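Below are the chains, spelled out letter by letter.
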Amino acid sequence: TVDLLVAMPPFVQEGDVSWLPAEFSEHQPEQAIFSGPEGLDVTRHIVTAAARLLRPRGTCVIEHGPLHGESLPEILRDQGSFENITDYPDAAGWPLYVAATRTTASPDPHHGGSAS
C-alpha cells in the first residue's frame, strides 16, 4: 500500500485532435494522448487501482482534461472509497486536476468500484 498516488493519464477523447497543437500529436504516441470516447477510460482504471493501493487517509491526485472537472470527481464519489474530493483549476481557471483522500472504511462492494 502507498500514501500517495499521482497520475497524469491520457485524457483526450478518442480522435479529438481539434484543440491539440499539431506538434503535440505528431510527437506523442496515441496511447499517451487518447483514452476512449470520453477521455476517461484510463482514469477509471486508475481510480479503481487507487482505492485498492492507497492506505486509509492516503491521497490520490489525478490530472484531467478541461472537460472533466465535474465527471472525474463524480467517478471518485461513485467509487465509494474517497472523501474530500476537490477539483483544482490551472492559472487560467480551467479544471486541471482532482485530489481526494482514501476513506478509512472499506467501500461497500455493492456501491461503485467498477472500472467500467
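Residues numbered from 1 in each chain as written. Predicted model: local features only at pLDDT ≥ 70, side-chain atom pairs only at ≥ 80, totals over all residues. Heavy atoms only, no water.

A.B. asks: Would you mind showing me how to read the nonpolar core here?
C.D. replies: One broad rule of soluble globular proteins: the nonpolar side chains tend to lie buried together. If you look at the biggest cluster of nonpolar residues, it comprises 17 residues, and the most contacted ones within it are Leu5, Val47, Cys60, Ile62, Leu72, Leu76 and Phe82. Sorting the residues of this core by element identifies β1 (2-7), α2 (41-53), β2 (54-63), α3 (71-79), β3 (82-89) and β4 (95-102) as the ones contributing at least two each. Among the elements that make up this core, the one with the highest residue count is α2 (4 residues). Not counting the four nearest positions on each side in its chain, Ile62 is found in contact with Ala7, Pro9, Thr43, Ile46, Val47, Leu72, Leu96, Tyr97 and Val98. (Core = buried A, V, L, I, M, F, W, Y, C linked by side-chain atoms within 4.5 Å. Buried < 20%, exposed > 50% of the residue type's maximum accessible area, 1.4 Å probe, protein only. Helix = DSSP H or I, 4+ residues; strand = E, 2+ residues; numbered from the N terminus. Contact = heavy atoms within 4.5 Å.)

A.B. asks: Quick question: what am I supposed to make of the sheet that holds β3 here?
C.D. replies: In a beta sheet, neighbouring strands pair by backbone hydrogen bonds and run either parallel or antiparallel. Pairing is mixed across the open sheet formed by 4 strands, whose spatial order is β1-β2-β4-β3. This sheet does not close on itself; its edge strands, each paired only once, are β1 and β3. For this sheet, the mean inter-axis angle between neighbouring strands, taken without regard to orientation, is 10°. One ladder, built from 6 bridges, connects β3 with β4; its direction is antiparallel. Bridge assignment links Phe82 to a residue of β4, and that residue is Arg102. Taken strand by strand, α2 contacts β1, β2, β3 and β4, and its axis lies near 160° from that of β2. (Pairing = 2+ DSSP bridges. Axes fitted to C-alpha atoms, helices over the stretch in contact; angles between N-to-C directions.)

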